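# Structural description and commentary
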There are 2 protein chains.
Amino acid sequence: MKTRSLLAVFALSVIPLIAAGVHAKDITHDAEYYVIEAQNGERWNADDKVIEQKLSEFYSRNGNKPPNIIYILLDDLGFGEIGMPGLDVIRGYSTPNINKLAQSGMSLQRMYTEPSCTPTRVAFLTGRHPIRTGLNEAKVTLVGEGLPDEEVTIAEVLREAGYTTSHVGKWHQGDIEQSFAHKQGFDRAEFPIHQQAQLALMNPQAEQSDITRGMGIDGDFPRELFLDDTFIPNSSGMLTGVELRDGKLYEVDMKPGEVWTQEKYQQMNKRYQASVLRELGDLATRKEPFFLNYWPLYPVSFVRNDNGKFRTRNGGSFTEAMIEVDDWIGEIIDEVDRLGIAENTIIMVMGDNGTMTQYVGLSGASDRIYRGGKGDHLEGGVRVNAFVRWPGMIDAGSMAEDIFHVSDLFTSFARFGKAMDEVPRDRVIDGVDQTGVLLLGEAHGRRDYVYIYEQDSLKSIVKNKFKFHLPPPMTNPILSAEFYDLYRDPREERPEQSIKMGTWGSGAFGGMLKRHMAMKKKYPDRKPTYATPYEGIENLRPETLEMVEAFKASKKVGR
Amino acid sequence: MKTRSLLAVFALSVIPLIAAGVHAKDITHDAEYYVIEAQNGERWNADDKVIEQKLSEFYSRNGNKPPNIIYILLDDLGFGEIGMPGLDVIRGYSTPNINKLAQSGMSLQRMYTEPSCTPTRVAFLTGRHPIRTGLNEAKVTLVGEGLPDEEVTIAEVLREAGYTTSHVGKWHQGDIEQSFAHKQGFDRAEFPIHQQAQLALMNPQAEQSDITRGMGIDGDFPRELFLDDTFIPNSSGMLTGVELRDGKLYEVDMKPGEVWTQEKYQQMNKRYQASVLRELGDLATRKEPFFLNYWPLYPVSFVRNDNGKFRTRNGGSFTEAMIEVDDWIGEIIDEVDRLGIAENTIIMVMGDNGTMTQYVGLSGASDRIYRGGKGDHLEGGVRVNAFVRWPGMIDAGSMAEDIFHVSDLFTSFARFGKAMDEVPRDRVIDGVDQTGVLLLGEAHGRRDYVYIYEQDSLKSIVKNKFKFHLPPPMTNPILSAEFYDLYRDPREERPEQSIKMGTWGSGAFGGMLKRHMAMKKKYPDRKPTYATPYEGIENLRPETLEMVEAFKASKKVGR
């Protein structure tokens, strides 16, 4: 009951503010945005004039066109793993090309992602917390789920504004047709349906190296005791890489009966890099601006490549793949410069979530800086390096300590792309406009908060330098919640300091929690979107068709 | 028995190599040095020619004089706490002046110290592991111990070679006359006898803030129950700051009966900074080169200064003091530049050991990067930032991943100072000549190992990227020892990976251990040096004399 009356107060106090929004006034953000807008709106209005001036000068220099955008999202790299040469001694490898990119642009030092691949990518694509879209996590097996048609992606937003859009690499937005890249705004698309758990772990080499188990070659379990063949996914039937050709999607590089291997995984990685370079050359010749979305599968690689070309003093399999990707990023930057499009092309490189701490000994990755890794709401799960280059527009060698959430790129790219009108007005857009930080520098941000979910559960809330770990259900929120000062205790290891913040924090964070929940009540989360997997692909292999049939059958018995 | 025959083999194999040493051939190093010299000696010989060429060119440019050396050693700052702007977001404060120094010189990225203040300073002063000198740790109270006459310090070495030597700030080498700075090679000396535990914790303000206990104002314990007045040190009688005037040592700033306060501690810090600037002006006018040894007491400060000038977003008391010291370092650099002595002056700034993790909530310091802090053999206890500037001689903005131990500065400064002949030949000098790294750059180092002691106990051994935690006594060394890959697991948190290194590591590190112990047998550790405390100080207060008498009495009953 108390919640209801609070909601009423909230509705009264917040709704009028929505109309007072500055640049794109009718976009609906999360409640917290309006709390800070009420206090900082005038400053933001002043900033907006400078931003508009800078942008319009750019547009006129650029034939009235918005900039090209190359967005490179790297898998499973927590903060400190790339682009910070001072930390080479912590991790035993260098990323010279990303270091150079960092030096030629801005480092977003407090970039928050979601704690895992699918949700971070959902947040980037839609500008929304994944839970709002109904897609939190795409599992390793067939799921018959994915990003729904109804979501509006940054590719759709930019395409509507005249961009040519191209996606290459990891996608991981589900296995149903409407979730595929070409159905979500990309004119060109080349991607694997699933993720590296299938591509880099579920193969014979990984099992031979005892990195994975259960794929069929470890032990000879008698058929009479092993009654359920559907329990362990039959990876041989799962789709691998697909490509869009003349508007139709085809699986490539797998013949019926063929077995996916580590070698094929390596080839896939190299193929995507080659495609990106080819795309870049083509896109640069076009009149329209382009949005090139490149999501490499590396550095995730569990088997060390044996060619020895990419050795590191760390030696881990991820680190070797990482410096190979670093080389590739160098190639892309060189190509952008060579094509003469440096000045009108934004290049952004970042990680998608923390490292996989489960594989420390093998991968060479580790939660070196912040504690926790992939899957965790701890800083180690959601803090990543992020670097943006835009010569002449973003200060070279600059850093910003403003809080970012990956969803902010949706809104900021939309603004750069003169596409703010294409951002949907009928739903909550969590991403806020951070063009101020990028164009005016540190301390021009419009976010001092992040809500951190682990899949369906809201696990913590960050507000400027403080972090609130939500207490377990059915416990006293004041006594069981933990509070952290992220500068004094960045590894969130000393909850005994909580009482110093909890005295005021339980009220302050409690208010944030209530406002967030009230907004969710007003704009309910979408339910997951289900459909038959693999529809719309032209050349399904017999073993794939069989797998889909088994999946459908399993659904009938209520799995 | 086995050890003895091993020793014989060792003596046969190592002793001849000693004679083959390159630059200062008759200096005796630890055994491990000869193992690597045998494999790298030729390369080092070639390096030596280039180094000599560079140095002789410098000397002729500089009127045949060696360079001035300003060595600034900061208290309790683990790796990542200073000079790395990318980590501002981890700790919530910036050190702009040290950052600038780092950019204008070389960052020694793998600098090892000892885990605590006294031992690190002993190692720097003598070029030797503290345990060899008999001085491992100077406790908070009167001890009647200290650095012995027989030890030869870098100040003595450089003075013999013609330097004017000056010490300002923390000293912490004991409370007996022979251990004082002016008896250990410094022409000028201004320092507190003890450390910040006395100066910054044992005062009424610290007790009022509940930071320290037992100093006399917390509770009114009946005299009849509290029988021993000597149990809790009577800090009112302990000597504070002393200064050398006309060859004699005087306590300054304390009248009989006066109480030491936090305010006096702050004044002492400011006074030392003023003295350094005054010294610098004077030393720069002299014909001789100078060695200015400045060891600030800050950032250690447990009570926040209330003037509000040095606020940080972290807010911890250490961090506020740190940015004040950073300002001071800026003043020193500016003064060096203003005096026109930049080209012939080496400026080095580094931490002396890890942060005091015991005071995280208050100090704002934390073991953010490596695990562990002051007192620990873990990387967090012994890894620090170290920056060296020498315009025209050391590459600006360079970094080196070579392993350094703080004792290497003894030998390297001696070489820069044309003072190699003054380095003693009758004892083990642990510090190796690292001028190659400084003048030729990364990968020209002469050390790939460190032996890490916690006071009397050897706790771990580092060899290139591997670290061996010695097993507890009386356990099976192969099964109980822990091995770490410092790049894959820099926080030494996952001993379950040990088996992968232990298969070969127990033999390889076991050999290092045996060689080190054999060398200690040949060159035994000095026993601690005892004498009456506070001798040689002209103006002891009555309460100080009383305290010395009580100390002497306690020694008679065998304390």
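This one's a predicted model, so the numbers in the text were calculated from it and none came from an experiment.

### Things to note about the packing of aromatic side chains
With the rule as written, the count across this model stands at 50 aromatic pairs over all chains. Their ring planes at 65° and their centres at 6.0 Å tell us that Y449 of chain A and Y451 of chain A sit as a pair that is edge-to-face. When sorted by exposure, Y449 of chain A lands in the same class as Y451 of chain A, which is buried. Plain terms: the ring middles of F124 of chain B and F413 of chain B are 6.1 Å apart, the flat faces sit at 80° to each other, and that makes the pair edge-to-face. Taken together, the residues F124 of chain B in helix 5 (residues 117-126) and F413 of chain B in helix 14 (residues 408-416) connect sequence positions 289 residues apart. On the basis of relative accessibility, which here comes to 0%, the residue F124 of chain B falls in the buried class. Cation over ring: R271 of chain A sits above Y272 of chain A, and NZ or CZ is 5.5 Å from the ring centre.

### Quick word on the relation of the copies chain B and chain A
Superposition record for chain B on chain A: RMSD 0.0 Å, screw rotation 180°, translation along axis 0.0 Å. One copy is carried onto the other by what is essentially a two-fold rotation axis. Taking C-alpha positions as the reference, the residue of chain B nearest the rotation axis is I369 of chain B, at 2.8 Å.

### Side note on the interface of chain B and chain A
At the interface, 42 residues of chain B touch 42 residues of chain A. Together, the buried faces of chain B and chain A total about 3,100 Å²; carbon and sulfur atoms form 51% of this surface. Looking only at chain B, the three residues that lose the most surface to chain A are V89, Y487 and R488 of chain B, adding up to 25% of its buried area. Across the salt bridge formed by E493 of chain A and R491 of chain B, the nearest N and O atoms sit 3.9 Å from each other. Summed over the shared surface of chain B and chain A, the result is 21 residue pairs in polar contact (both at pLDDT 80 or more).

### Examining the sheet that holds strand 15 (residues 482-485) of chain A
All names here are of chain A. Here we have four strands laid out as an open sheet, ordered 12-13-14-15, and antiparallel in their pairing. The sheet terminates laterally at strand 12 (449-454) and strand 15, the two strands that pair on one side only. Taking the axes of each pair of neighbouring strands and ignoring which way they run, one obtains an average angle of 20° across the sheet. In the sheet, strand 14 (residues 466-469) pairs with strand 15 via four bridges, with the strands oriented antiparallel. Note on strand 15: the bridge partner recorded for H469 is E482. Against the sheet, helix 2 (residues 31-61) contacts strand 12 and strand 13 (457-463), and its axis sits at roughly 170° relative to strand 12. Across the face of the sheet, helix 17 (residues 498-522) comes into contact with strand 12, strand 13, strand 14 and strand 15 while running at roughly 120° to strand 13.

### Section: the environment of T285 of chain B
Among the secondary structure elements, T285 of chain B is positioned in the loop between helix 10 (262-283) and strand 7 (290-295). Taking the C-alpha atoms as reference points, T285 of chain B and V423 of chain B, 138 residues apart in sequence, are found 28 Å from one another.

### Details of the pattern of salt bridges
Residue and element names in this part refer to chain A. If you walk through the whole model with that rule in mind, you get 98 salt bridges over all chains. Measuring nitrogen to oxygen at the nearest pair gives 3.0 Å for the salt bridge that ties E32 to R515. Taken together, the residues span a long stretch of sequence, with E32 in helix 2 and R515 in helix 17 at a distance of 483 residues. The exposure class assigned to E32 is buried, which follows from its relative accessible area of 1%. Linked by salt bridges that have partners in common, D48, E52, R415, D433 and R446 make up one network.

### Considerations on unusual backbone geometry
Backbone geometry follows two general trends: most residues other than glycine have a negative phi, and most peptide bonds adopt the trans configuration. Residues and elements named next belong to chain A. Backbone torsion omega between Y298 and P299 reads 10°, so that peptide bond is classified as cis. Following the sequence through the fold, P299 ends up in the loop between strand 7 (290-295) and helix 11 (317-338). Non-glycine residue D253 carries a positive phi angle of around 75°. If you trace the backbone, D253 turns up in the loop between strand 6 (248-251) and helix 10 (262-284).

### Some thoughts on the confidence of the model for chain A
When the pLDDT values of chain A are averaged, the result is 91; 92% of them are 70 or greater. Taken over the whole predicted complex, pTM reads 0.92, whereas the ipTM for its chain interfaces reads 0.89.

Reading guide: rules and limits
- Think of each chain on its own: its residues are numbered from 1, step by step along the sequence as written.
- Starting at A for chains and at 1 for ligands, labels are handed out in the order in which the entities are written.
- Local features in a predicted model are, by the rule used here, given only for residues with pLDDT of at least 70; side-chain atom pairs are given and counted only at 80 or more, and totals for whole chains, interfaces and linings are based on all residues.
- The basis for the side-chain values is all heavy atoms of the structure; hydrogens and waters are excluded.
- Note on ring pairs: Phe, Tyr and Trp rings are taken, using the six-membered ring of Trp, and paired if centres are within 6.5 Å. Classes follow the plane angle, with under 30 degrees stacked, over 60 edge-to-face and the rest tilted.
- Burial classes follow relative accessibility: with a 1.4 Å probe on protein chains only, a residue under 20% of its type's maximum area counts as buried, one over 50% as exposed, and anything between as partly exposed.
- Numbering goes from the N terminus for both helices and strands, where a helix is a DSSP run of H or I of at least four residues and a strand is a run of E of at least two.
- Comment: the charge-over-ring label is applied if NZ (Lys) or CZ (Arg) is within 6 Å of the ring centre and within 35 degrees of the ring normal.
- Here the copies are matched by least squares. The fit uses the C-alpha atoms of residues with pLDDT of at least 70 in both.
- Contacts between residues were defined by any pair of non-hydrogen atoms, one from each residue, lying within 4.5 Å.
- Two parts placed together each lose some accessible area under a 1.4 Å probe, and adding up what both lose gives the buried area.
- A pairing counts as a salt bridge when a side-chain nitrogen of Lys or Arg comes within 4 Å of a carboxyl oxygen of Asp or Glu.
- Under the rule applied, a polar contact is a pair of N or O atoms within 3.5 Å (in protein, one hydrogen donor and one hydrogen acceptor; residues adjacent in sequence only if both atoms are side-chain atoms).
- One bridge is not enough; two strands pair if DSSP finds at least two bridges between them.
- Geometry is summarised by axes, namely lines fitted to C-alpha atoms with helices restricted to the contacting stretch, and by angles between N-to-C directions that run from 0 to 180 degrees.
- Every residue carries a pLDDT, the predictor's confidence in it, which falls somewhere between 0 and 100.

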